[in-house]
Structure formats: C-alpha cells, structure tokens
Amino acid sequence: MPSPWPRRTFLHAAGGGALALGLAGTAAHPAPAADLGPTGPPTAPEALGTASDAEFDTLRARWRDLILGTGFSPTAEPFRGILGTLGAAAAEYRATMAPAGGSLWPGRSWADPDPDTDAESYAFSAAMNDSCNRLRTMAEAYSQPGTGLTGDAGLRDAVLTGLDHLYTEVYNERTTRYGNWYNWQIGAPQALMDTCVLMYDHLSADRIAAYCRAVDAFVPDSVFASYTGTSTGANRVDLCRGVVLRGIVGRDPAKIALASRALEPVFPYVTSGDGFYADGSFVQHRNVPYIGGYGAVLHDGVGRLLALLRGSSWAVTGPGTQLFLDTIEKAVAPFLYNGLIMDNVSSRGISRMGTSDHQRAHGLMATILLVGQGASPEENARWRAMVKGWLRRDYHYPALSNPGLSLIRASLLQGLQDDGSVRAAPEPVEHRLFPNMARATHRRRDWAASVSMASNRIAHYEFGNGEHARGYHTGAGWLSWWGAGFGLEQYSDAYWPTVDPYRLPGITASRKPLADGEGGDWGQPMPDAAWVGGTTDGEFAAVGQHLKGLSSTLDAKKSWFCLDDSIVCLGAGITATDGHAVETTVDNRALGTTGAPVLTVDGRAQPVAQGWTGTFDGASWAHIAGQAGYVFPGGTRLEAVREERTGSWRDINTGGSPDPVTRRYLTLFTDHGVDPAGAAYAYVLLPGASAHGTARHAHDRGRLRILANSGAQQGVRVPGLGLTAVNFWSAGTVERLRVSAPASVLVREHRDGTATLAVSDPARQATSLELVWNRRVSRVLSRPASVTAATTGSSLRLVLGDLTGLAGAPQKITVRLG
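As the structure is a prediction and not an experimental result, all values here were calculated from the model. (Residues numbered from 1 in each chain as written. Predicted model: local features only at pLDDT ≥ 70, side-chain atom pairs only at ≥ 80, totals over all residues. Heavy atoms only, no water.)

A. Examining unusual backbone geometry more closely. Look at the link from Glu77 to Pro78: it is a cis peptide, with omega at 10°. In this structure, Pro78 sits in the loop between helix H1 (53–68) and helix H2 (79–96). The phi angle at Ala438 is positive, at roughly 55°, despite the residue not being glycine. For Ala438, a relative accessible area of 3% gives the class buried. In this structure, Gln524 is a non-glycine residue whose phi angle is positive, near 45°. (Helix = DSSP H or I, 4+ residues; strand = E, 2+ residues; numbered from the N terminus. Buried < 20%, exposed > 50% of the residue type's maximum accessible area, 1.4 Å probe, protein only.)

Written as structure tokens, this is what we have:
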C-alpha cells in the first residue's frame, strides 16, 4: 500500500551491525571518573571517559539487540506468534494514525486545555506517552524479521512523520510539563530514545539534535542531584536509562557518564524508605512492598544497563553491583514460585486487567537470566537451574506460551529451556522473613505460602491512579499459598475483580463497609501497630501481627507457626466496636467458572450446588478436594459458602473493562459476631493434604500442642520436630520460656544434642531483653554480638542488649544440651 506521506531523504549514518550480546563474565572496573558528589555531574574532563564513533555505534547496536532479541528463528514458535502479534499491532497503528493538532491518533489527545497536575491532566499526559510507545511498537515491527512489515517503507515514513509531529506539537524544549511527571521524564524519553536507536539510520542530524534537546529539557541533569523524591529506586534506574540512551543517540559522553554514576545510589541497602534492605525487602513509595512491580522494573533496568555498558568507557561496577546481584536470591527468588510472582509484593499491579501473577513473573524470570550473564559462573549456574525449575513446573501458564513476552525475553527463556546442560533445580525447603516489608515466605518441596501484613512502617495497601480500589485488607494477615501440582491458578483467573475483598484467605476483618480507595489517593495508610514480624531458624518460623483495622476499631493478635507440612494459625484478643461483624477467613478458594470440588466436614461430604451455605458447630476438620485440609484444635463453629460472584475490572481499576465477569468461590470462615470482645480462633492449614490425612492429623492429639492463645502470648509445641515457638506480645512465661519484654522466640532441639534458639524484637522497642529457657544446657556454642551475657546449667539465661536498631532481625544462638 503506498504511503500517505511523501518520501524523505535521509542521512545514513555508519551504524554497526547487530552484535551478539557480549554479556558473559564479570564487569571490569570503570574508567577513571570524578566523584559526582551529592549535587551534580562530574566536572573533570577525564570523568567523561574516552569515546570514539565506533564505541557509540557499538553501544547503539547492542541496545538494538537488547530491544529486539537475538538467536531465535522467526518461523518457530513462540517467536512466530509474538512477531505476528507485533506486526498486527503496528499495522493497526499505522492504519489509524492521523496527525492533527493535539494528537497523532483520534481519541488520544495530549492538548490539555487547562494544564496542571489534576486527574484530567494525567490523562492528557498519558495520551502523549502512549503515542510515543505506539511509535516504538511501529519501529520494532519495522526492524524485526517476520512481522510482515519488516523494512516496510510506508511504516518507516509513518514512524518518522509521527516523531516529527510529536516533537513539533508537544514533546519539545518549549513545552511546560503537565499531568503525570512519569510520562515526561521516564515513559516518553525511553520510548523516544528506543525508537531513535531502531530508526537511527533514517534520522538526520537535525532531528537527532532536536529529540535530544527535548529529553534534556524534561530530564535535566538536576534529576540526579540528590537521591530523593521521584529519583530513587526503580524510578532512578528508569531515569538513568533514558539519559544513557540520549547520550548514545546524541553521541554525548558526558550524559552517559552522568547517568552511569547516577546508578550508584541504587545499589547500597537502605534502612528506611525506598530501595532494597539487608533482609531482602524491597520498598517503593515509602512504605509499599513492591518486588513484583517496581522491583522487577529496577532489576530489568539495571540488568539491561549493566549489559549495555559492560566493557565500555562507562561500565557500571564497584562493590555496589555485587549487592545488586545478591538481591536475586535474597529478595526476588523467595517470591517466585513455579512460574508466578506472589501477588502480595505487586501492590497496584494485581488490579490491572490483562496481567496476572504468572505474566508478571515471566518477564522477571527472563531478567534473572539477563542479569546472570554478568554474575559469577557459580551464581549464573544456580540462577539458570532455578529458573528452569520454574519453567518446567508451571502447568497453568507456561512462560513461553505468553504472547505478551518481548522477543528478548522469549529468546532468553527459550534458550534456557533448550539448554540440555542445565538441570532444573527443585523447590528449596526454607523460610524467609522480611521484617522491613512485613512479609514472610514459607517453602516446602510440594507447596509454598506467604503472609502479608501491615505495620507502622508498611501500608495496609496502596491506591493511586485509580488502581487497586479494594485492596484495603491485603495487609490484614492475608495467607496465600500454592501447591506444586494444584492451586497455581488461584489468583490468576479474574480473582481480584470478583473476590469478596472482606474475605481474603487468612485475614481477620470487620465487615464495616469501606469506600473504594479508602484512605485516599496515594494515602498509603498505615496502622499504629509496631509488633509485626517474627523469627525463624531458616526452615521453620513464628510470624505475628498486631492487627489494627483500616478505618476501623478492630484490634487483634494473629500468629502463624510455619512447620514441615502445615501452618498453625492462631488469633486472639479480637475486639471491635464498629457495630459490624468481624470474621476470620480460613480460606477462600477460587474455582473458576465451573469448579465444584467436594467439601468434607468431619467425614461428611457437603452439597456442591452453587448458593449453598452451611454452619458446623464444633467442627474438628474440613477438607476441600484437590486443595487442602483444615484442622480445628478443640473444635470451632465453621461457616461455609459456595457462591458465584460477579464484578468487573473497572470496579477495582479505572483503566479496566466495565464488562461483568463471574467466578465461583468456596469460602470457609469463622464469624466472631458483631463487636466481639476478646474473640479467638485456631486452625491448621494443610496444603495438598488428603481427606484421610486431614482426619488423621485431627485425631493425633500428640502431634501439636497449643501452649497459649491470648492477647498476651501465642505459642505452639511440636514434639516430633523438637520445636517450641512463642510470640510474646508482652513479657511473661509460656511453658519453659520466659522473656522480660515483647519478643518472638523459636527453639529447635536437634537429634545431635544441640539446640538452636532464634529470638527477635519485631516491635523494635526492646532496649534490653532477658530470655530464660528452663532446659538443662551445658554450653553456648555460638551467639551473636547482641547477646551480652549467657548463663548455662539447669536452665539457659540469655541477656540481649539494645535490639531497637536490628530491624526485627532474628538473633540465633546455638547451645549444647545436657
């Protein structure tokens, strides 16, 4: 089809050919550079590095490969399908593109009549950013093989016309920014510079200079002057990417040097605010756990920049890069399970239509492979085995069937899948505690679980940009879990627009109605609750939350004791005066559109008809076929509901579809009544257990002892594991353990005559702590510096000093018994 725009004459720059990614090995030390200092760019000429035209060409060619991918056959799946989808999108954009005053596409106007920073202006700036991204898509389809538009002159001219129109009308050095800062400083510059890299041979020097001036205007050097505000964490990485590419496209070594050095503050671990913490936590927006969102963006951005600049005059290296590499295993891997990223670290992302926990994980898995090429051989081998295990075990949504994967990510994952030298690693058996973001993960060979909490440091949830309107109870003790061969679809099939947000698995919540976005736009409300966290020996754990409800008088103490085949869930001191019922949701299983698994209560199968409800007084155990067993020590009044729930993505995200969707649920819960005063619950979750195994567990009185379940202490003993674990909400004694201040304590007696004690101060308020274990101990084998005194004999007495600065981290002591 002839192009509707006249042909142009172009200056063909001498670009380098497509290069194979030279990413193996560890990074070399950077070229000598002046210290940026806290306020500005390098001032010494030698800080700019030395660069030739060939080096810029090499970097530009390398970035092409990082955008487009390498080493794949465009006629083989999944690449054929991905390329076809890309070509179809680009063809649609070209066919509908109609440059006019204030827009490139009908209905996507950036002409804001009243430019400011209100919601209306956000929409206009988003239209500008979207236009940049559509041009990038068209440029990719032009550059990629197998799209049906490869090298198409009409598509090329359309991209160039779009770039000119965008610059003339809005994204230029004369425009004053309006709407969302992100669109001007991150979204548009990245898309614009990517497009310039792809279309470089067709851009005149004047056009390149103009587009670079626009980026300079909206992303001035001053954005890197201090590591604060919107220039931290993932945002800082995104800003650096835009400026590095601007430097490459514009052949400006000073810009590349500035952005390369500006990455450095991202690497060190933080002790407050945004960034990675020593315990593996990742926080963005001051108090929101975000490994599955901004954390994934940060890893992808840093990984690509390390790969891009490695071996160049501006290579990013130093001790901080190893800290970054360490976060793969410390922070990211614990939340990836068999091809999904746990929703409790994705915040607003879970409310976005067209995405799921599996889709979010696919890109992150590919990022791990990319980052691994710059790690040590040992690290890279471990990570490749780890990712291959996730690829192999994801029966619900295999990564290579995801049509939304970019070519670079698909090629990385396909290459790993085809690599016969890599053996898939099994799931680790471990517990990981993340006190700095109020999360915990518990992993066994056949299942995994995670607890999501809120504290005076971590928000109940985040609402912003019209997203995540009903996430208000995702920090109220939400216990999510998955099995190796079941349950991977639990949160993937329209769960969030259809689930009852007051009945998330594991939470205790008031039925008091909350407004959409309760707490306000970007309010990120936090409870006034300090004791949130726990302790672990690395395999088992005691986790606890002093729960205070969002916009509610609800107050409760919740504990989870994570064992070998189960999680013991205790709640006590449940009190509220809101005039509404309070419930604890034992579980809320998503059943898709047709699921009807049998529910068995105390040996009796219950009806499977939708709309059925049941109440069971003194229930001892329950079982959902193909899912899990639930044991209620001492019996409980159990409520059960089978229901079909209808909602829309628009209900929870203004960018979602208003079309109704319906899904089935089977919910088990305990009703504590209206305005309870000191209510309690106790149940044991057995993921993957059979009905017979659940009944056997319920009747084995010697396997588990609940030592305490009150607002003062909660604890269990499991003789078969040699384990005693207690959450002390206040000083006191439980069985053989006594503490002088609130603490979380876990004791593990081993068969070799030793024992491990793990103790922490989750509230971060203990200036001193005395712990007494009334058990004969002959010798202390190891202890941390926090233990200032230890006495052995007929009992063990430990004195710990000021724990307030340890961020709730477990302190481990090993002793010899007898």
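Now that the structure has been shown, the text picks up again.
B. Region of the structure containing the pattern of salt bridges. In total, this model carries 46 salt bridges according to the counting rule given. With its nearest N and O atoms 2.7 Å apart, the salt bridge here joins Arg94 to Asp152. Here the residue Arg94 occupies a position in helix H2, and Asp152 occupies one in the loop between helix H3 (119–143) and helix H4 (153–169), the gap between them amounting to 58 residues. The class of Asp152 is partly exposed, set by a relative accessible area of 23%. (Salt bridge = Lys/Arg side-chain N within 4 Å of Asp/Glu carboxyl O.)

C. Seen up close, the packing of aromatic side chains. Scanning the entire structure with this criterion turns up 26 aromatic pairs. Here the aromatic rings of Phe56 and Trp314 are separated by 5.9 Å at their centres, their planes lie at 25°, and the arrangement is stacked. One end of the pair, Phe56, is in helix H1; the other, Trp314, is in the loop between helix H9 (291–309) and helix H10 (319–332), and 258 residues separate them in sequence. Just as Phe56 is buried, Trp314 falls in that class too. A centroid spacing of 5.0 Å and a plane angle of 25° characterise the contact between Phe72 and Phe79, whose relative ring orientation is stacked. (Phe/Tyr/Trp six-rings, centres within 6.5 Å; stacked < 30°, edge-to-face > 60°.)

D. How the structure looks around the side chain of His358. With respect to the helices, strands and loops of the structure, His358 is situated in helix H11 (residues 357–372). Engagement of the side chain of His358 in a polar contact is seen with the backbone oxygen of Gly339, the distance being 3.2 Å. (Polar contact = N/O pair within 3.5 Å; in protein donor to acceptor, adjacent residues only side chain to side chain.)

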